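# Coordinates in review
These are the residues of each chain, in order.
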Amino acid sequence: MRPIWHQREDRVQAHILVCFLAFVLWKSLEMWQQRAGLGNSPRTILEELARIQSHDIVLPTVTHRQVRLRCVTQPDPAQAALLDRLGIVLPRRMRIAESNAQPLAATA
């Protein structure tokens, strides 16, 4: 289980932790999928839902600040049915905290 590219003990431990967390998430998705009656192949769920994306739209304002809107693409009918079976509701637009708004001069 030891990764061959990591030489230091702390990096080996971190790699094992990340692998363990990935495994736990994989198994959790598999159990969630089984409870929804969708089989037991998390890879197909991930491949289907990977096409749903989120995009940031940044608009400058007169006061030299920016308005940032995060939008989520609309799922196709197959994705919508899958999300419905899993009990997931996608937001139409995710709100970004005001503290993230920066002056345009700082971002240029």
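Now for a look at the structure at hand. (Residues numbered from 1 in each chain as written. Predicted model: local features only at pLDDT ≥ 70, side-chain atom pairs only at ≥ 80, totals over all residues. Heavy atoms only, no water.)

### Re the overall build of the chain
The test is simple: Secondary structure elements are defined from DSSP: runs of H or I of at least 4 residues count as helices, runs of E of at least 2 residues count as strands, and each element is numbered from the N terminus. Between buried and exposed lies partly exposed: a residue is buried under 20% and exposed over 50% of the maximum accessible area for its type, with that area taken using a 1.4 Å probe on protein chains only. By the convention used here, residues are in contact when the closest approach between their heavy atoms is within 4.5 Å. All accessibility values rest on the Shrake-Rupley procedure with a 1.4 Å probe; residue burial counts only the protein chains present in the view.
Looking only at helices and strands, one finds 4 helices and 3 strands in the chain. Written out in order from the N terminus, the α and β elements of the chain read α-α-β-β-α-β-α. Put simply, the chain has 108 residues, and 17% of those count as buried. For the chain, contacts bridging at least 24 residues in sequence account for 38% of all contacts bridging at least 6. Surface exposure of the chain reaches about 8,500 Å², of which carbon and sulfur atoms provide 61%.

### Side note on helix α3 (residues 77–86)
Three- or four-residue spacings in an α-helix give side chains the same orientation, since the helix completes a turn every 3.6 residues. This is how the line gets drawn: Think of it as the arc spanned by the lines of direction from the helix axis to the C-beta atoms. Definition of a polar contact: a pair of N or O atoms within 3.5 Å, with one able to donate and the other able to accept a hydrogen when the atoms are protein atoms, and with sequence-neighbouring residues admitted only if both atoms are side-chain atoms.
Of all the residues in α3, the buried ones are Q79, L82, L83 and L86. Buried residues along α3 cover an arc of 100° about the axis, so they all sit on one side. Exposed side of α3, more than 90 degrees from the buried face: P77 and D84 are the residues found there. On the buried face of α3, the contacting elements are α1 (9–35) and α2 (42–49). Sitting at the amino-terminal end of α3 is D76, which places a side-chain oxygen 3.2 Å from the backbone nitrogen of A78. A positive phi of about 80° marks G87, the residue just after α3.

### What to know about the pattern of salt bridges
What counts here: Within this document, salt bridges are pairs made up of a side-chain nitrogen of Lys or Arg and a carboxyl oxygen of Asp or Glu, the two lying within 4 Å of each other.
Evaluated as defined, the whole model comprises 6 salt bridges. Its salt-bridge partner being R51, residue E48 comes within 2.5 Å of it at the nearest N-O pair. What makes E48 partly exposed here is its relative accessible area of 22%. One salt-bridge network, held together by shared partners, links E48, R51 and D76.

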